[in-house]
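Next come the chains, spelled out residue by residue.
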Amino acid sequence: MWFSYVGILMNAAMHREIPHGRTGQESLANYEEAARIYGLIPCFIRLQDIDVENGHCTAYVLKDTGYMSVRIPIPRVIHNRAIYLDVRSQFKINSLLRQGYMIFNGFNRYGKDEIHQLLQKDPQLSPHLPETKNATSSTISEMMRHYDDLIMKPCSGSIGRGIMRLHRGRSIWKLTYSPSRKSYGFKTVALRQNKLPSVIRKQITQIPYLIQERIALAEFKDSPFDLRVSVQRRICGQWGITGMYAKAASTRTFLSNLAQGGKALVAYDVLSESLPHLSADRIVSDVRTLALHVAKILEQDLPYAADFGMDIGLSTAGKPYFIECNGRDQRYGFRNAGQIELWKETYRQPMAYARYLIDR
């Protein structure tokens, strides 16, 4: 078999640990195994090591003695696993795209407000979208008049940091938040005369926030949960569902994010126990249909997207709601849930899609 290079673009901090085998939650072994299936050789690159003018790059490639730094032609197909927010990096990625290099997931950090604005255009999705607005003093007050439970989240936040919950008790509104922005130290304060506390006013003036209707999620062992759905392009170039697992919130917080103490569990086990009166197969089918439809809507405006980690919530009646999605799914939740083959499959599909792009 003739093997082709496929680039794996990584942030600098992870890239420099490759020779030491310390790449955190990213599994190089899974990339190597998946790439071999499709006749590919993964080479791990930093954006700053790509010489656009000369058409070469410096990359780590696995040799008999371990990962070695080699100079090779820039791979025609690159899978981006880094996050670049600065203008200079985005300009360089655009420059590579203009020269004909195919960088899938080239831009993978989408604002939560941007995603919801794109999805709200589609009438089929309206029943599956919690009401969502950009957070201002007036929109927060408006949402408080219509709902008793609300979530506030940074538009560009990740792994649950900065998320706050506004909820009404018998007659008093309360705010639950983490002053440290970590999974510990959550505190709840009562609002005086339903006026917004200073922490909210300060946050929404510093960075853009969304305010969103909080769906009354189904619960597993008294903890709300949602489903993380891996939606990826595959060997035919089309979207498919690689798998899903459940994320149950920690007892310390209302958040299901794994980085905030949430626990990854096998989806069918959670559905069977938490919603025994409903068909788990039917729920999974409905979730898959929703996730695929979301991906097909988003691809119209996000042409380089190839890998979404979608959070889908379920009402107590089993109705699926789109909560948010990540353009760089962390994948390790499948491993944490004991679903090793599905974890490996989340690496196989990007390599399959790379093969598809190379063959084109």
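Residues numbered from 1 in each chain as written. Predicted model: local features only at pLDDT ≥ 70, side-chain atom pairs only at ≥ 80, totals over all residues. Heavy atoms only, no water.

Chemist: I keep staring at helix α8 (residues 280–298) and nothing clicks. Help me out?
Modeler: Along an α-helix, residues three or four positions apart point the same way, because every turn accommodates 3.6 residues. Counted at 1.5 Å a residue, the expected span for α8 with its 19 residues is 27 Å, and the 27 Å between its end C-alpha atoms agrees. Against α4 (112–119), β14 (223–233), β15 (239–248), α7 (267–274), β17 (307–314) and β18 (320–326) lie the buried residues of α8. (Helix = DSSP H or I, 4+ residues; strand = E, 2+ residues; numbered from the N terminus. Expected span 1.5 Å × (residues − 1). Contact = heavy atoms within 4.5 Å.)

Chemist: Would you mind going over the state of the cysteines with me for this structure?
Modeler: What makes a disulfide is a covalent bond joining the sulfur atoms belonging to two cysteines. All chains considered together, the criterion is met by zero disulfides. Left unpaired, cysteine 155 is separated from the closest cysteine sulfur, that of cysteine 325, by 13 Å. Look at cysteine 155 and you get buried, because its relative accessible area is 5%. (Disulfide = S-S within 2.5 Å. Buried < 20%, exposed > 50% of the residue type's maximum accessible area, 1.4 Å probe, protein only.)

Chemist: How do you make sense of the pattern of salt bridges when you look at a structure like this?
Modeler: When charged atoms on two side chains of opposite charge get close, those side chains can pair. Applying the stated criterion across every chain yields a total of 23 salt bridges. Across the pair arginine 22 and glutamate 17 runs a salt bridge whose closest N-O atoms are separated by 2.9 Å. The shortest N-O distance in the salt bridge between glutamate 299 and arginine 233 comes to 2.8 Å. Separated by 66 residues along the polypeptide, glutamate 299 in the loop between α8 and β17 and arginine 233 in strand β14 bring together distant segments of the chain. Residue class for glutamate 299 comes out partly exposed when judged on its relative accessible area of 27%. By sharing partners, the salt bridges in this structure join Glu33, Glu341, Lys344, Glu345 and Arg348 into a single network. (Salt bridge = Lys/Arg side-chain N within 4 Å of Asp/Glu carboxyl O.)

Chemist: Teacher, can you tell me more about the pairing of strand β9 (residues 164–168) here?
Modeler: Consecutive residues of a regular strand have side chains that alternate between opposite faces of the sheet. Where burial is concerned, most of β9 is hidden: four out of the five residues are buried. As paired strands, strand β8 (residues 149–154) and β9 are joined by four bridges and run antiparallel to one another. Directly across from methionine 152, in β9, lies its bridge partner methionine 164. Sheet topology note: the β9/strand β10 (residues 173–177) ladder contains four bridges and is antiparallel. Across the sheet, arginine 165 pairs through a bridge with threonine 176, a residue of β10. (Pairing = 2+ DSSP bridges.)

Chemist: Could you clarify how one ought to interpret empty space enclosed by the protein in this entry?
Modeler: Over the atoms a probe the size of a water molecule is rolled, and this reveals where empty space is left. Under the criterion given, the structure shown has three cavities of 30 Å³ or more. Approximately 330 Å³ is the volume attributed to the largest cavity. Residue lining of the largest cavity: 20 residues in total, with Ile151, Leu217, Asp226, Phe254 and Ile323 positioned closest to the centre. Every element with two or more residues in the lining of the largest cavity is listed here: β8, β12 (209–213), β14 and β18. When residues in the lining of the largest cavity are grouped by element, the largest group, three residues, is from β14. Grouping the amino acids of the lining of the largest cavity by side-chain chemistry returns 10 nonpolar, three polar and seven charged. (1 Å grid on protein atoms, 1.4 Å probe; cavity = no way out; pocket = protein on both sides within 12 Å on 5 of 7 lines; lining within 4 Å. Points joined across faces, edges and corners; volume = space filled by probe spheres on them. Nonpolar A, V, L, I, M, F, W, Y, C, P; charged D, E, K, R; others polar.)

Chemist: Just checking my understanding: could you explain the sheet that holds strand β4 (residues 66–73) for this structure?
Modeler: Backbone-to-backbone hydrogen bonds pair the strands of a sheet. The strands run either parallel or antiparallel. A sheet is described by the order of its strands in space; here six strands give the open sequence β4-β3-β2-β1-β5-β6, paired in mixed fashion. What marks the edges here is a single partner per strand, and that holds for β4 and β6 (102–104). Between one strand axis and the next, the sheet turns by 35° as a mean value, whatever way the strands run. Across four bridges, strand β2 (residues 40–51) lies against strand β3 (residues 56–63) in antiparallel orientation. Looking across to β3, one finds that phenylalanine 44 is bridged to tyrosine 60. Across the sheet, helix α2 (residues 28–37) lies against β1 (4–9), β2, β3, β4 and β5 (77–80), angled at about 125° from β2, the strand it touches most. Of the strands in this sheet, β1, β2, β5 and β6 touch helix α10 (residues 340–359), which is tilted by about 125° from β1. (Axes fitted to C-alpha atoms, helices over the stretch in contact; angles between N-to-C directions.)

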